[in-house]
Amino acid sequence: METIKFKTNINCGGCLKSVTPHLNELDSIESWKVDIENPDKILQVELEGDENEVVKAVIEAGFEIEKV
């Protein structure tokens, strides 16, 4: 299991609601959370798999993402 952090533009409860189904459908994610209080809106993912799946899911949900 690996912990990976990403900078995003997921900045409110509505954004979280939009991205949740995309991230929850990935079997490689054990858990995830977004710190919307952090200026960089950090998405922290406990992952056992390819981090590119996470990037693709967040982009498909309509958000920006970049590995920290």
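The notes below deal with the structure included here.

Scoring rules and cut-offs
Position numbers for residues start from 1 in each chain and track the written sequence from start to end. Thresholds applied to this predicted model are a pLDDT of at least 70 for local features of residues and 80 or more for the giving and counting of side-chain atom pairs; totals over whole chains, interfaces and linings are not thresholded and use all residues. No hydrogens and no water enter the side-chain calculation; it runs on all heavy atoms of the structure. As used in this record, nonpolar core signifies buried Ala, Val, Leu, Ile, Met, Phe, Trp, Tyr and Cys residues forming a set joined through side-chain atoms within 4.5 Å. Think of it in three bands: with a 1.4 Å probe and only protein chains considered, a residue is buried below 20% of the maximum accessible area for its type, exposed above 50%, and partly exposed in between. For the purposes of this entry, the term helix denotes a DSSP run of H or I that reaches at least four residues, the term strand denotes a run of E that reaches at least two, and both are numbered from the N terminus. Contacts are residue-level and defined by heavy atoms, with any inter-residue pair within 4.5 Å sufficient. Whenever a carboxyl oxygen of Asp or Glu lies within 4 Å of a side-chain nitrogen of Lys or Arg, that contact is scored as a salt bridge.

### Quick notes on the nonpolar core
Link 1 in the chain: One finds Leu-23, Leu-43, Val-54 and Val-58 to be the most contacted residues of the largest nonpolar core, which totals 18 residues.
Link 2 in the chain: The set of elements that each furnish at least two residues to this core consists of strand E1 (2-8), helix H1 (13-24), strand E2 (29-35), strand E3 (42-47) and helix H2 (51-60).
Link 3 in the chain: Val-54 has contacts with Phe-6, Leu-23, Leu-26, Ile-29, Leu-43, Val-45, Leu-47 and Ile-65, leaving out every residue within four places of it along the chain.

### Re the pattern of salt bridges
Once their charged atoms are close, side chains differing in charge can pair, the charge on each being opposite to the other.
Link 1 in the chain: Here the structure, examined in full by the defined rule, presents two salt bridges.
Link 2 in the chain: Between Asp-40 and Lys-7 there is a salt bridge; the shortest N-O distance is 3.8 Å. Taken together, the positions of Asp-40 in the loop between E2 and E3 and Lys-7 in strand E1 put the pair 33 residues apart, joining distant regions of the chain.
Link 3 in the chain: The salt bridge partner of Lys-67 is Glu-51, with a shortest N-O separation of 3.1 Å. Highlighted residues: Lys-67 in strand E4 (residues 65-67) and Glu-51 in helix H2, separated in sequence by 16 residues.
Link 4 in the chain: Look at Lys-67 and you get partly exposed, because its relative accessible area is 45%.
Link 5 in the chain: Taking relative accessible area as the criterion, Glu-51 reaches 23% and is therefore assigned partly exposed.

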